Amino acid sequence: MNLLLLWVVLIQLWTTQGQSYVCTVQPGGSGTDGEDHCVFRGVFYNRTTANVQFAAPENSPKPITHISFEDSNIQQIPPEFVAEFGKYLKVLRVENCRLRSVVVTERLENLYAKNNRIDKVILQQEGASSVLSVLDLDGNNLKDVKNITKLKNLKILNLSSNSQLVPDNTFDFSTLAGLNKLQELSLANLGINYLQNTRKTEFRSIELLDLSSNRLLNSDLRIDSFNVFKSLHTIKFNDNFMDSIDYMDFLDINLKTVYLNGNDFECQTVKPMLDYLRENNIETPADRVKPCAPRKEEEGFCCNVNINYDPRPQQPPAEEDVGSIASDPVEERDQDRRPPATPTQTPPTEPAAESGTDKTNPIGWIIGVGAVAAILAAAGIGFGIYKVRSKRPPGTMPCNQDEL
């Protein structure tokens with residue numbers, strides 16, 4: 001199997017030596033600019049490829065300014081291609097071509113190079129004289145943006161899905177300092193947990209900021225930190241991990257449109273949030289990347305159901321059965337804090353003591369015993385006097401006190 005694979009590679013290398021590629025003019029372009037593109041198809045090029053030629057059809061208009069590569073496997077932009085077309089090239093599309101590096105030629109205005117393996121951007125233009133306006137590097141292996149920030153006239157920059165760009169899950173906006181004409185910035189699907197701006201860099205031209213499909217949490221997100229984007233009117237927070245957001249603060253940064261779908265908001269909070277934003281002329285598109293299931297939907301937005309929340313309208317309690325009606329949550333909370341009410345009913349009479357059970361007050365019991373003892377003592381003394389008197393003759397009196 002290994003020998004067969006090696007043989008195929010060798011044949012491919014041999015057949016590409018001295019290969020000549022001629023592009024085909026495609027009316028209307030393969031992109032969205034509406035211009036005719038000259039399309040190269042089936043190109044194979046790696047570091048060992050040599051003596052390859054690139055040409056335009058004989059009847060094509062000169063010079064060729066818009067070029068695309070399709071169904072191709074090229075590890076780098078061929079130097080032979082740059083030598084032939086680089087001087088006048090304005091738009092280049094090299095998407096899904098397995099590129100590991102890309103060249104920004106001297107007059108290139110738009111470069112679309114998504115879904116490759118690019119970790120290196122080579123510049124033939126930079127500084128204030130640079131003319132590159134659009135750079136789409138979505139889905140590559142960039143580790144930094146040092147060369148990119150030399151393109152001072154960039155207006156649209158897409159860095160989405162470059163997972164190695166934020167190894168610590170933190171993106172620092174200050175790394176883009178110097179891109180003062182940037183109008184659209186896409187940072188989707190980078191695995192961002194935290195946002196920083198360590199040098200307090202201002203971006204006066206950015207109008208659209210895409211932070212969708214990241215791992216942003218509401219606890220780590222401060223809306224007022226976006227005040228450095230002086231012209232920002234659209235922001236994409238969809239498909240993150242937020243269960244709430246300070247949506248009232250969007251008014252402070254003058255947003256016109258905000259994408260919030262695909263988060264973890266509780267269902268009962270979705271409608272009040274959307275109503276508030278719409279009442280204040282902030283659009284809330286329902287765009288999202290992932291399906292809602294198994295979550296629920298409210299107003300077209302994914303949401304989670306709070307099992308402690310009762311969405312039914314609350315009714316006043318009936319007089320005959322006060323405890324059976326669900327109370328208002330705020331009222332119920334306040335009642336929990338109040339002392340228990342004093343009962344208005346007459347206390348029930350204490351039942352009589354059961355047989356064999358002593359319910360007598362101990363103090364009364366002592367007094368009763370003492371009274372009985374006093375009565376018995378008095379009776380004994382009286383009986384003694386009676387006996388003495390009965391033994392004397394009539395008319396005699398006691399002679400001393402002892403005889404009493």
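For every chain, the first residue of the written sequence is number 1, and numbering continues from 1 along that sequence. Totals for whole chains, interfaces and linings use every residue, but because this is a predicted model, local features are given only for residues with pLDDT of at least 70 and side-chain atom pairs only at 80 or more, for both listing and counting. For side-chain calculations, the full set of non-hydrogen atoms in the structure is used, while hydrogens and water are omitted.

Peer 1: Is there a simple way to think about the sheet that holds strand 3 (residues 37-41) in this case?
Peer 2: The pairing of strands in a sheet comes from backbone hydrogen bonds and takes either a parallel or an antiparallel form. When DSSP finds at least two bridges between two strands, those strands are taken to pair. A helix here means a DSSP run of H or I that spans at least four residues, while a strand means a run of E at least two residues long, and both kinds are numbered starting from the N terminus. Within the open sheet, the 11 strands sit side by side as 2-3-6-8-10-12-13-15-17-18-19. Their pairing is mixed. The open sheet terminates on both sides in strands that have one partner only, identified here as strand 2 (24-26) and strand 19 (257-259). The mean inter-strand angle of the sheet, taken between neighbouring strand axes irrespective of direction, is 10 degrees. All axes are obtained by fitting lines to C-alpha atoms, using only the stretch in contact for helices, and the reported angles, taken between N-to-C directions, cover 0 to 180 degrees.

Peer 1: Help me understand helix 3 (residues 267-279), please; the structure alone is not making it clear to me.
Peer 2: Side chains that are three or four residues apart share a direction in an α-helix, a result of its 3.6 residues per turn. Expected helix span is computed as 1.5 Å times (number of residues minus one). The terminal C-alpha atoms of helix 3 lie 19 Å apart, and with 13 residues this matches the ideal 18 Å at 1.5 Å per residue to within 8%. All of the buried residues along helix 3 are Cys267, Val270, Met273, Leu274 and Leu277. For helix 3, the angular spread of the buried residues around the axis is 105 degrees, confining them to a single face. Contact criterion: two residues are considered in contact whenever any of their non-hydrogen atoms come within 4.5 Å of each other. Taken together, the buried residues of helix 3 touch strand 19, strand 20 (296-298) and strand 21 (301-303). Positive backbone phi, approximately 60 degrees, marks Asn281, located one or two places after helix 3. We call a residue buried when its accessible area falls under 20% of the maximum for its residue type, exposed when it is over 50%, and partly exposed in between, using a 1.4 Å probe and counting protein chains only. Each C-beta atom gives one direction from the helix axis, and the arc is the one those directions make.

Peer 1: Just checking my understanding: could you explain the packing of aromatic side chains for this structure?
Peer 2: Here a ring pair, both rings aromatic, is described through the centre-centre distance and the interplanar angle of the planes. Classification of ring pairs uses Phe, Tyr and Trp, with its six-membered ring standing for Trp, and accepts pairs whose centres are within 6.5 Å; under 30 degrees between planes counts as stacked, over 60 as edge-to-face, and the remaining range as tilted. The final tally for this structure, using the stated rule, is 16 aromatic pairs. With a centroid separation of 5.5 Å and 80 degrees between ring planes, the pair formed by Phe171 and Phe173 is classed as edge-to-face. When its relative accessible area of 4% is taken as the criterion, Phe171 is described as buried. Clustering of aromatic rings is evident, with ring pairs tying together Phe171, Phe173, Phe203, Phe226, Phe229, Phe237 and Phe250. We count a charge as sitting over a ring when the NZ of a lysine or the CZ of an arginine lies within 6 Å of the ring centre and within 35 degrees of the ring normal. Sitting above the plane of the Tyr112 ring, Arg93 keeps its charged end 3.9 Å from the centroid.

Peer 1: Would you take a moment to explain the nonpolar core for this structure?
Peer 2: Most often, soluble globular proteins have nonpolar side chains that are buried together. Here the nonpolar core consists of buried residues drawn from Ala, Val, Leu, Ile, Met, Phe, Trp, Tyr and Cys, with membership extended through side-chain atoms lying within 4.5 Å. The biggest cluster of nonpolar side chains holds 83 residues, and the ones touching the most others in it are Phe69, Phe81, Phe237, Ile245 and Phe250. For this core, the element with the highest residue contribution is helix 3, accounting for 5 residues. When near neighbours in sequence (up to four residues on either side) are disregarded, Phe237 contacts Leu211, Leu216, Leu221, Ile223, Phe226, Met242, Ile245, Phe250, Val258, Tyr259, Leu260 and Asn263.

Peer 1: Would you mind showing me how to read the state of the cysteines here?
Peer 2: Between two cysteines, a covalent bond joining their sulfur atoms is known as a disulfide. The definition used for a disulfide is geometric: two cysteine sulfur atoms within 2.5 Å. Applying the stated criterion to the full structure yields 3 disulfides. The disulfide bridge from Cys23 ends at Cys38, spanning 1.8 Å between sulfur atoms. Measuring the twist about the S-S bond at about 80 degrees, one finds the Cys23-Cys38 disulfide to be right-handed. Of this pair, Cys23 sits in the loop between strand 1 (20-22) and strand 2 while Cys38 sits in strand 3, placing them 15 residues apart in sequence. With respect to burial, Cys23 and Cys38 carry one shared label: buried. Each sulfur of the disulfide joining Cys292 and Cys302 lies 1.9 Å from the other. Classification of the bridge connecting Cys292 and Cys302 rests on its S-S torsion, roughly -85 degrees, and on that basis the disulfide is left-handed.

Peer 1: Please explain a positive patch on the surface as it appears in this structure.
Peer 2: Patch definition: residues with relative accessible area over 30% and no salt bridge; like charges joined within 9 Å; nonpolar side chains (Val, Leu, Ile, Met, Phe, Trp, Tyr) joined within 5 Å. For accessible areas, the Shrake-Rupley method is used with a probe of radius 1.4 Å. Any residue's cover is judged against the shown protein chains and nothing else. The working definition used for a salt bridge is a side-chain nitrogen of Lys or Arg within 4 Å of a carboxyl oxygen of Asp or Glu. When charges are counted, Lys and Arg are positive and Asp and Glu negative, with His and the chain ends excluded. Charge positions come from single atoms, namely NZ of Lys, CZ of Arg, CG of Asp or CD of Glu. Together, Arg47, Arg98, Arg100, Arg117 and Lys120 make up a region of like positive charge exposed at the surface. Mapping Arg47 onto the fold places it in the loop between strand 4 (44-45) and strand 5 (53-55). Looking at Arg47, the relative accessible area reads 68%, which means it is exposed.

Peer 1: Help me understand the pattern of salt bridges, please; the structure alone is not making it clear to me.
Peer 2: Close approach of charged atoms allows side chains of opposite charge to pair. Applying the stated rule across the entire model yields 9 salt bridges. Between Lys230 and Glu202 there is a salt bridge; the shortest N-O distance is 3.9 Å. Within this pair, whereas Lys230 is found in the loop between strand 17 (208-210) and strand 18 (234-236), its partner Glu202 is found in the loop between strand 16 (194-196) and strand 17, the two being separated by 28 residues in sequence. When its relative accessible area of 36% is taken as the criterion, Glu202 is described as partly exposed. One salt bridge connects Asp224 with Arg222, and the closest N-O pair in it is separated by 2.7 Å. Taken together, the shared-partner salt bridges connect Glu202, Arg204 and Lys230 into one network.

Peer 1: Would you mind showing me how to read the pairing of strand 8 (residues 91-94) here?
Peer 2: Looking down a regular strand, the side chains alternate between one sheet face and the other. Side chains Val91 and Arg93 of strand 8 all project onto a buried face; the interleaved residues Leu92 and Val94 project onto the opposite face, where all are buried too. Here strand 6 (residues 66-70) pairs with strand 8 via 4 bridges, running parallel. From the neighbouring strand, His66 faces strand 8, where its bridge partner is Val91. As judged from the 3 bridges shared by strand 8 and strand 10 (residues 110-112), these two strands associate in the parallel manner. When the bridges of strand 10 are listed, Leu92 appears paired with Leu111.

Peer 1: Would you mind showing me how to read the confidence of the model for the chain here?
Peer 2: Detailed reading of predicted coordinates is not advised where the pLDDT is low. Overall, the predicted model of the chain reaches an average pLDDT of 81, with 70% of residues at or above 70. Per-residue confidence from the prediction method is given by pLDDT, with values spanning 0 to 100. Contacts from residues 319-360, a stretch scored under 50 in pLDDT, to residues over four places away or in other chains number 13 contacts. Long-range and interchain partners of residues 391-404, a stretch whose pLDDT sits below 50, account for 5 contacts in this model, where long-range means more than four residues apart.

Peer 1: Explain unusual backbone geometry here, please?
Peer 2: Trans peptide bonds make up most of the peptide bonds, and negative phi angles are found at most residues other than glycine. Here the bond from Lys62 into Pro63 is cis, since omega is -10 degrees, no more than 30 degrees from zero. Along the polypeptide, Pro63 turns up in the loop between strand 5 and strand 6. With an omega of 10 degrees, the peptide bond running from Ala293 to Pro294 counts as cis. Of note, the phi angle at Ser161 is positive, near 60 degrees, even though the residue is not glycine. Relative to the helices and strands, Ser161 is located in the loop between strand 13 (156-158) and strand 14 (170-172). Among the residues examined, Ser161 registers a relative accessible area of 26% and is labelled partly exposed. Even without being glycine, Lys200 reaches a positive phi, approximately 55 degrees. Relative to the helices and strands, Lys200 is located in the loop between strand 16 and strand 17.

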